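The residues making up each chain are set out below.
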Amino acid sequence: MAGKPKLYYFNMRGRMESVRWLLAAAGIEFEEEFLETRQQYENLLKDGFLLFQEVPMVEIDGMKLVQTRAILSYIAAKHNLYGKNLKERALIDMYVEGTTDLMGIIRAHFKLSPEEKERNLRLISERATKRYFPVYEKVLKDNGQHFLLGNQLTWADVQLLEAILMTEEKGSTILSQFPLLQAFKTRMSDIPTIKKFLQPGSQRKPPSDKKDIAVANRVFNRK
Ligand code: GSN
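All of these numbers come straight from a predicted model, not from anything done at the bench.

**Regarding the pattern of salt bridges**
Turning to step 1, where the next piece is worked out: Across all of its chains, the model carries 17 salt bridges by this definition.
Turning to step 2, where the next piece is worked out: The salt bridge involving Arg 127 is made with Glu 126; its shortest N-O contact spans 3.9 Å.
Turning to step 3, where the next piece is worked out: For the salt bridge of Lys 195 with Asp 190, the shortest nitrogen-to-oxygen distance reads 3.4 Å.
Turning to step 4, where the next piece is worked out: Among the residues examined, Lys 195 registers a relative accessible area of 38% and is labelled partly exposed.
Turning to step 5, where the next piece is worked out: Note on Asp 190: relative accessible area 48%, which makes it partly exposed.
Turning to step 6, where the next piece is worked out: Counted as one network, the salt bridges with shared partners bring together Glu 17, Arg 20, Glu 32 and Lys 205.

**Overview of the pairing of strand β3 (residues 57-60)**
Turning to step 1, where the next piece is worked out: Pairing of strand β1 (residues 6-9) with β3, which is carried by 3 bridges, proceeds in the antiparallel orientation. The residue bridging Leu 7 from the neighbouring strand is Val 58, located in β3.
Turning to step 2, where the next piece is worked out: In this sheet, strand β4 (residues 63-66) lies alongside β3 in antiparallel orientation, the contact comprising 4 bridges. Residue pairing in the sheet places Met 57 in a bridge with Val 66 of β4.
Turning to step 3, where the next piece is worked out: Here β3 folds back onto β4, and the loop between the two strands holds 2 residues, one of which, Asp 61, carries a positive phi near 50°.

**Regarding the side chain of Gln 152**
Turning to step 1, where the next piece is worked out: In this fold, Gln 152 is placed in the loop between α5 (114-143) and α6 (155-170).
Turning to step 2, where the next piece is worked out: Residues within four places of Gln 152 in sequence aside, it is in contact with Gly 83, Lys 84, Glu 88, Phe 147 and Asp 157.

The rules behind the values
Residues numbered from 1 in each chain as written. Predicted model: local features only at pLDDT ≥ 70, side-chain atom pairs only at ≥ 80, totals over all residues. Heavy atoms only, no water. Salt bridge = Lys/Arg side-chain N within 4 Å of Asp/Glu carboxyl O. Buried < 20%, exposed > 50% of the residue type's maximum accessible area, 1.4 Å probe, protein only. Pairing = 2+ DSSP bridges. Helix = DSSP H or I, 4+ residues; strand = E, 2+ residues; numbered from the N terminus. Contact = heavy atoms within 4.5 Å.

Printed below as a string of structure tokens:
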């Protein structure tokens, strides 16, 4: 039996949080090494663990995977969360890229100045309610089933729930015009593996703050 996947990243959400979500949803236990010092990062570089000198890195099945998207698609495929054929995969890819784009805007938020934050909150609300959520609401309406791909849970659903919760942290009523997404959120949150991940004490991380910037600057030798 291979050991548990080991995640190398900061003790923060960042790009790794979707990996934590996907593993948790698949019911896979994982270990984490949190980067706190320059030395830890240099050791990983010296050992040749970081193909592009970047984290996230995940040690899994004898591989040292980098590039968040590659990590996620490997985990999704391995745990039957990546559709049954190429066409389903293409749909999942499109849905996932949509939520990735939305989460990218939200992820940048904590680094902004107060004025930029105000502008960014408006952008998040506008993109969520006018561009992204209407798409997922329509997909659920058209297929009339529980998940984006119909009756099978996929990576796209897991990442949509992550994006919904992140968006709600920035505006708690953001789902008010999307009844099917509200029901989706409730249903998804009740899946036992996800329910467990949503409980306090899990490996889910809180929203990032300024302290996280200081750690990353120290590790990457930035100013
Ligand atoms: O998606 C990915 O995993 C890569 N395309 C990007 C990974 C990345 O940018 N990693 C940053 C830290 S996490 N930030 O978002 C990184 O390791 N930067 C190293 C550096 O030398 O700045």
